[in-house]
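Chain and residue survey
Residues per chain, in single letters:
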Amino acid sequence: MPEEGRVSLKNCDVSSLAIDSLCKQAVGGNSAVACFYFDFAAQEEQSPATILGSVLKQVVGGLDEVPERIVQTFRDQKKVIGGQRLALSEIVEFLQDISSSRRTFICIDALDECPPGHRVRLLDSLSQILKNSRGARIFLTGRPHVQGEVEKHLAGRAATRSITPTKGDIIIFLRSVKSFSKDIFLIVGPSPRCTVFRTSASLKLQMP
Amino acid sequence: MSQHHINDNTNCFNINNVWNNCTVADEKSEILAWLSPLEPRIRHQDIRTRRVDGVGDWLLQTQEYKDWFGGIHGGKSDSSALFFCGGPGVGKTYMR
C-alpha cells in the first residue's frame, strides 16, 4: 500500500509492471525473462559483466539443463586457484547462444543510474546480443538524458516511449491511498502539472 | 533367498540414482552462484509490492509495447529494444 504522497509511476514501477506481465505470458511457453534494477547506492558492483552475469544466471536458472559449454567453462575455471568469473565477452556469447533458440526478454531498469562508462559498454553488449540473436528482446527504462545514448548504441533497434501518468493513473492512485489529509495539493510533473483537490465529499482533478 | 538378493540390487540402484541427481542439482546451483552472486528478483519483489495495481497498465497497451513484444525479428517494424523514458519526478506526488 502506498504511503500518502508517494511516487505513483516511477521508472522502476514501469519496469516491474512489464516484468510481471512478461513472466505471466512466459509461463508454460518457451521463453525466459530476466531483470536487473540499477541501484545508485551499489554502483561499484554494477559493471556490465556483473549486470549481464546476473541476467545470464536468471536465464540459465530457467533452463532444464545448463548448456554444455557453460558447464565446461565452469569446470575448467575451477582448476584455477580461487576460480575465475566469466569475462563480459563470454557472457554476451552465452546469452546470444541461448536467446537464439529461445525468446529471451532482458529488462534493465534505470539506465541513468549506471555510470556513463559502464553504460556505453552495457549498451554495446546489448546491441551485440540483438544483432546476433533472433530471440532476444530488450526492455529499458531511464531518464530522458540517456535517450540519445540508447538510440545511438542500439543503432536503430530501439523504440522510445515517454512515460507520463495519465488522468486514469492518478485516479487509481488516489483511490488506493487510504488516509487523506483534508485537502490535497498534488503535483505530477515537472510536466504536465496537475492539481488535485480532495475534500471529504469529492475529488477534483485539474490537468492542463 | 534369491528374491532378497534382487531387492537389494534394486535398492542399490535407486540410491545410486538419487545420489546422481543430487550431484547434478548441486552442480547447477554451484554454476548459478558462480555466474552471479546478485539476486535482482528480490528487488523486483520489493518494488512490485509497493506498486499500485492498475497504475501504468496502459503502457502495456501502447503500440510501442505491442510492437516490441510481438515483433518479428528482421520484420518491417523491428524494434527489438524498447526504451521507456520518464523524467525525474514523473509521477512524483507532493501533498500538503
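Source: prediction; values computed, not measured.

The relative placement of two packed helices is expressed as an angle between their axes plus a distance between the axes. All names here are of chain A. Direction vectors running N to C along helix α2 (residues 48–61) and helix α5 (residues 116–132) enclose 40°, while the axes themselves pass 9 Å from each other. As the angle between them shows, α2 and α5 are arranged oblique. Contact residues: P48, I51 and L52 in α2; H118, R121, L122 and S125 in α5. A per-class count over the contact of α2 with α5 returns four nonpolar, two polar and one charged.

A separate point is the sheet that holds strand β1 (residues 81–85) of chain B. Taken in spatial order, the five strands make up an open sheet running β1(A)-β2(A)-β3(A)-β1(B)-β4(A), and their pairing is parallel. Edge positions in the sheet fall to β1 (31–37) and β4 (158–162) of chain A, since each has one partner strand and no second. In this sheet, neighbouring strand axes are inclined to one another by 15° on average, regardless of whether the strands run parallel or antiparallel. By the bridge criterion, seven bridges tie β1(A) to strand β2 (residues 103–109) of chain A in an arrangement that is parallel. Looking across to β2(A), one finds that A34(A) is bridged to I106(A).

Moving on, we get to the confidence of the model for chain B. Residue and element names in this part refer to chain B. For chain B, the average pLDDT comes to 72, and 59% of its residues sit at 70 or higher. Confidence, expressed as mean pLDDT per element, reaches its minimum in chain B at helix α1 (residues 2–35) with 62 and its maximum at β1 with 93. Below a pLDDT of 50 lies the segment residues 1–19, which in the model reaches zero contacts outside its immediate sequence neighbourhood of four places, other chains included. Under a pLDDT of 50 for its full length, residues 89–96 has, in the predicted model, 29 contacts with residues more than four places off or in other chains. For this predicted complex, the interface confidence reaches an ipTM of 0.83, while the overall pTM sits at 0.80.

Reading the values: rules and limits
Residues numbered from 1 in each chain as written. Chains lettered and ligands numbered in written order. Predicted model: local features only at pLDDT ≥ 70, side-chain atom pairs only at ≥ 80, totals over all residues. Axes fitted to C-alpha atoms, helices over the stretch in contact; angles between N-to-C directions. Helix = DSSP H or I, 4+ residues; strand = E, 2+ residues; numbered from the N terminus. Parallel < 35°, antiparallel > 145°, perpendicular 65-115°, else oblique. Contact = placed C-beta atoms within 7 Å. Nonpolar A, V, L, I, M, F, W, Y, C, P; charged D, E, K, R; others polar. Pairing = 2+ DSSP bridges. pLDDT = per-residue confidence, 0-100.

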